[in-house]
Structures are given as C-alpha cells and as structure tokens.
Amino acid sequence: MEIHHTLAAQVKKHLSEPGLPGPVLDTFLQSVSSHYYSMERDKRLTEHAFEVSEKEYQDLLSDLRRENDLKQQSISKIKAVILALDANSQSENHGEELLDVIQFLERQIIKTKILEEELLKAKEIAESSSKAKSNFLSVMSHEIRTPLNAIIGFIHLLSTDPYLQTQEDYLKAINISSQNLLNLVNDILDFSKIEEGKIEFLYTKINIKNLIHEIKLANMFKANERENKITVMLDEDLPSLVMGDEVRLSQILNNLISNAIKFTHRGQVLIEITKCSESAEYHTIQFVIKDTGVGIPSEATAIIFERFTQANSEIDRQYGGSGLGLSIVKKLLELQGKSITVESTPGKGSCFTFSLDFAKCAEAEQIQTGSKAKINHDLSGIKVLLVEDVYINSVMARSMLINWKADVDLAENGQIAIEMCKQNTYDIILMDLQMPVMDGITATLKIRDFNTEIPIVALTASSSFETQIDIKNCGMDDFIAKPFNPYVLFETIKKKVSKSLTA
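Throughout what follows, the structure given in this document is the object of discussion. Treat the numbers as computed from the prediction; the structure is a model and nothing was measured. (Residues numbered from 1 in each chain as written. Predicted model: local features only at pLDDT ≥ 70, side-chain atom pairs only at ≥ 80, totals over all residues. Heavy atoms only, no water.)

1. Focus on the overall build of the protein
Then, in step 1: Secondary structure assignment for the protein yields 13 helices and twelve strands.
Then, in step 2: When burial is assessed residue by residue, the protein has 36% of its 503 residues classed as buried.
Then, in step 3: Long-range pairs, those at least 24 residues apart, make up 71% of the contacts in the protein with a sequence separation of at least 6.
Then, in step 4: When the accessible surface of the protein is split by element, carbon and sulfur atoms take 54% of a total near 30,000 Å². (Helix = DSSP H or I, 4+ residues; strand = E, 2+ residues; numbered from the N terminus. Buried < 20%, exposed > 50% of the residue type's maximum accessible area, 1.4 Å probe, protein only. Contact = heavy atoms within 4.5 Å. Areas by Shrake-Rupley, 256 points an atom, 1.4 Å probe, with all protein chains shown as cover.)

Listed below in structure tokens is the structure:
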C-alpha cells in the first residue's frame, strides 16, 4: 500500500513493530493519506491562484498609473489650449482636477452659444434689412419710372408735332432733365442689383461699329452743350459682328463717355477701339476713352471707383452726379473677369482703358456702318391691345401707337384684358404688370390657357431680376422697361408681330 510521504514518515516513526497493520488500519491509513494528498493539492492551487492574482493586480495597477499619467497630460494640454484661446482665463484659478477644466469649458460653451444666438439675430436683422431695401428700391423704381414714362413719352410726341421755334429749347431742357433723372434711377437700381449678385449677362450679336456710332449720337447734344468735340477712331481689323452683352457694353461706354463730356469744357473726347488679339473662339477688343478735361489728382485715382465717391466735394457741387457711374463700370467689368485702368493729369485730362473678350459670331454677314436709314414708323393693319391702368401713361402710349397708324384697344386691368381677348382678335398685347383687380402676370397666365400664340410684351416700371423671372415663367414673350424708348417699342412690336405671322 502506497501512502502519502508525510504519513509514511509518521507510521514509520510510531508503528515500527511488524505485524501490527491489519485491514482496519490499512483502511484508516488510506483515508488519512487521501486527505494529505487533497491538502497538498489545495495548497498548490492556492499558491498558484495567489501568484496569478498578484500578477493581474500588478498589471492593473500599472494600467491605472498609465491612465492617470495620460489624464494629467491631457488636463495640462487642455489648460494650455484654454490659456491660448482665452487670455482672461489666466486670471481664473483652474485646479489640477479634470472637473475644474470641465466646468470652465461648460462656461465657455454657454458663452459661445449666447454669441451664436446674437450673431444669428444680427444675421436675420441684416437679411430683413436687405430685403426691405430691395423691396423699397423696387417700389421706388416703379413710382419714379411711371411718371417718367409719361414725361419722356410726351416729350417724344411733342417733338414729332409742329411747335414754335421758341419752344425747342424748353423741350430740350425737359428732355435732358428727364434723362438725367432716369440715369440716376438706373444707376441706383443697377448698383443694388450688382451688390445682390443679381446681374445676368445676355449674349447677342453686336455690331460694335454701329453701336459706337449710336452711342456717339446719343451723347452729341450734351457734348455740343459743353462745346466739346467727340472723335471716334476704329481699328480697320474690328470684326463686323461679335457675341456679347450689348446692353452692359453700352452702359459701360455711356458712363465713361458721359463722364468725359461732363468734366470737359471746350475740349475733345476721343473714343478709340482696337482689336488686340484673336483666338480660335474669341476676339479681344480694347476700349480707350480719353478727354482733355479737368483731370484727376493722383491721390484720388484710387477712390474714384468706390461707390458714392467723387474725386473731391467741389466736383460733386459743380458737376453733380450720384458717384455710382464709375463704380458700376468697375463692377460690371469685374463680373466678366476684367479690370479698368486710369491715367490722369490735373488740368490736362484723363484716359480710361479696358478690354473685353467677345465670342466670334458664326454668321459672316456684313452690316453696313454709319447712320441708320430713316425708319418709317408704320403699324398699319396691326391691332394692339394696350393694358394700362395709369391714365396719363395710357393716353401717351395710345397716342404714340395711333401716330404709327396702329389700331388700338385699351383695357384698364388684367380682368378686362382677358374678356377682350376672348371677344376680339389682336396681333399683340402690351401688358402693364402692376394693376388693380388683376395684375399683368395673372392675366397672362389666364390668357395662355386659351391662346398660346399671341405675342405678349410686358411694359413694366420694375426691371428687377425677380420680375424678369416672373415675366418669363408666366408665358410673356418679352418686356420693355419704363420709361421706354419709342423706337424700341416700335421695333419690338414689328419684330414680335412678324415672328408671330411667319410662325
């Protein structure tokens, strides 16, 4: 029988006489031996468990120490960032504990949220102010353009009727004053549209030689009044036709030329146009407007393109103007990726230079330059529905159309216009937009429900971007801004009616 070594030693020590062990003793010894083995096994397991626990404890302790070190480093970095971002925090007593830092950050977050709310309120106020300004300008545009339309229209009618020679100067004075007022309104509205990013460029065919001739004629009266001579020098290599925005180009040139005339007395204004270069798709053309006028001091050349700015206050009092013309010129060029330069000597004159890229025109047609042939203003056989609620404007427009031998019916609002369109056949409708009972946009939408062919042209005192979008979306074919040029009105009617008849 094999028993535990410790028990065997005890048996050997205390039971040395032979023959004593028997079955009962053997069973007892086996039981005790088994307990010894169990105790030894339990001891080894306990020691092993202790060793494992000790190792895990040491590992855990090491991890905790590392985490604590990282925490302290993070707190130090956060505090450093806080001190860098907020100089006032240097005076605050931040403890070493993370809780102190968290509380400080909470205070900063609250401050930031308050600031964000204030900025949001300021943004809403600014947007509301901008919208109010836009609405105000739109309303004022309509209110100013409406009487101007009548004034300019009746001036045209008076000039075509026989009148006393002594009245000629009065008519010219009224015409100049009305055109100056119109230019002022246009400058203010255009600058507002540019600031709001609502300027769009419409590219059409341009005969630059003809355009310059027309601009020269338009400025001749003012030039003669100032005893100035306008000279035009055109490069022989200028293309007959190019693609560009004729309206914006005319606006730029008219601003520069009228400025040159205004600041020159008994002198000369030179308009020089040269083709600089040519690529596969574009012509680059340079425009130079030079005068022999009062000139600009060197210290003022940097500010004359700023809005509402003149070279000095004396100029404002002596020559007038809104101080927006050159600013509009600069911004219109910048929107096309171009710039303008000025060279000037006080007492000797100024020279403005800019260039523009024009897309080549696919058509190789040649257009004769020079003065236009006299237009025969004859609208015989054309039946027009004029929709206009302002009495003085309806009288003026109707008189103009009758002078051109058109057959004219008048409707005072959109609702009447719809009924007249259902009962009669018209070649074209001239539609005002803002009217009582029913406006022009709504009337056009209803007319288009039963007649999609008749040309409808808006006559509007509001030329805002939103108005142009509404005009296009409601189904109108074109618009003419009030106060309108009689010749533009005549040409538009002829073109729209001719297109409608050949469609």
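2. A word on the nonpolar core
Then, in step 1: Within the largest apolar cluster, 40 residues are counted, with the highest numbers of intra-cluster contacts made by L253, L256, F352, F354 and F358.
Then, in step 2: Among the elements that take part in this core, helix 6 (residues 246–262) stands out by supplying seven residues, more than any other.
Then, in step 3: Here F352 is in contact with L256, F287, V288, I289, I296, I304, F305, L326, I340, T341 and V342, once residues within four sequence places are set aside. (Core = buried A, V, L, I, M, F, W, Y, C linked by side-chain atoms within 4.5 Å.)

3. Thoughts on the sheet that holds strand 11 (residues 456–460)
Then, in step 1: Pairing is parallel in the open sheet, where five strands are placed in the order 9-8-10-11-12. Edge positions in the open sheet fall to strand 9 (407–411) and strand 12 (478–481), since each of these has one partner strand only. Pairs of neighbouring strands in the sheet enclose a mean axial angle of 20°, with direction left out of account.
Then, in step 2: Pairing geometry for strand 8 (residues 383–387) and strand 9, over five bridges, is parallel. The residue of strand 9 that forms the bridge with L386 is L410.
Then, in step 3: Across the sheet, helix 11 (residues 440–448) touches strand 10 (428–432) and strand 11, and the angle it forms with strand 10 is around 150°. (Pairing = 2+ DSSP bridges. Axes fitted to C-alpha atoms, helices over the stretch in contact; angles between N-to-C directions.)

4. Considerations on the packing of helix 6 against helix 8 (residues 325–334)
Then, in step 1: The contact between helix 6 and helix 8 brings their axes to 9 Å, and the two run at 145°. Crossing angle aside, the handedness with which helix 6 passes helix 8 is left-handed. Facing R248, Q251, I252, N255, L256 and N259 of helix 6, the residues of helix 8 in contact are G325, L326, I328, V329, L332 and L333.
Then, in step 2: Here the residues of the contact of helix 6 with helix 8 are counted per class, giving seven nonpolar, four polar and one charged. (Left-handed = near helix turned anticlockwise from the far one by under 90°. Nonpolar A, V, L, I, M, F, W, Y, C, P; charged D, E, K, R; others polar.)

5. A look at the packing of aromatic side chains
Then, in step 1: Scanning the entire structure with this criterion turns up four aromatic pairs.
Then, in step 2: The interplanar angle of 85° and the centroid separation of 6.2 Å between the aromatic rings of F305 and F352 together place this pair among those described as edge-to-face. Of the two residues, F305 is situated in the loop between strand 5 (282–291) and helix 7 (313–319) and F352 in strand 7 (residues 349–360); the sequence distance between them amounts to 47 residues.
Then, in step 3: Given the relative accessible area of 7%, F352 is considered buried.
Then, in step 4: Taken together, a centroid distance of 5.4 Å and an interplanar angle of 75° make the contact between W404 and F490 edge-to-face. A residue pair is termed long-range when its members are at least 10 positions apart, and W404 in the loop between helix 9 (391–403) and strand 9 and F490 in helix 13 (residues 486–502) qualify at 86 residues. (Phe/Tyr/Trp six-rings, centres within 6.5 Å; stacked < 30°, edge-to-face > 60°.)

6. Brief notes about the pairing of strand 8
Then, in step 1: Among the five residues of strand 8, four are classified as buried, and the element is accordingly described as predominantly covered.
Then, in step 2: Each parallel crossover has a hand, and for strand 8 linked through helix 9 to strand 9 it is right-handed.
Then, in step 3: Judged from the four bridges that link them, strand 8 and strand 10 form a sheet pairing that is parallel. The residue bridging L385 from the neighbouring strand is I429, located in strand 10. (Right-handed = clockwise from strand over helix to strand, strands pointing away.)

7. Some details on the side chain of R448
Then, in step 1: Relative to the helices and strands, R448 resides in helix 11.
Then, in step 2: Take R448: its relative accessible area is 14%, and that puts it in the buried class.
Then, in step 3: Side-chain polar atoms of R448 contact the backbone oxygen of I454, separated by 2.9 Å.
Then, in step 4: A polar atom in the side chain of R448 sits 2.9 Å from the side chain of D477.
Then, in step 5: Beyond its immediate sequence surroundings of up to four residues, R448 is in contact with E453, I454, I456, C474, G475 and D477. (Polar contact = N/O pair within 3.5 Å; in protein donor to acceptor, adjacent residues only side chain to side chain.)

8. A word on the side chain of T264
Then, in step 1: Within the fold, T264 resides in the loop between helix 6 and strand 4 (268–278).
Then, in step 2: When near neighbours in sequence (up to four residues on either side) are disregarded, T264 contacts R226, N228, D291, T292 and G293.

9. Overview of the environment of K496
Then, in step 1: Of note, K496 is situated in helix 13.
Then, in step 2: Judged by its relative accessible area of 14%, K496 falls in the buried class.
Then, in step 3: Distance in space between the C-alpha atoms of K496 and V457 is 8.7 Å, their sequence separation being 39 residues.
Then, in step 4: Excluding anything up to four places from it in sequence, K496 contacts I428, P455, V457, D477 and D478.

10. Points about the pattern of salt bridges
Pairing of side chains with opposite charge becomes possible as their charged atoms draw close.
Then, in step 1: One pass over the full model with this rule turns up seven salt bridges.
Then, in step 2: Taking the shortest distance from any N to any O, the salt bridge between K330 and E334 comes out at 4.0 Å. Of this pair, K330 and E334 both sit in helix 8, four residues apart, which is roughly one turn of the helix.
Then, in step 3: On the basis of relative accessibility, which here comes to 27%, the residue K330 falls in the partly exposed class. (Salt bridge = Lys/Arg side-chain N within 4 Å of Asp/Glu carboxyl O.)

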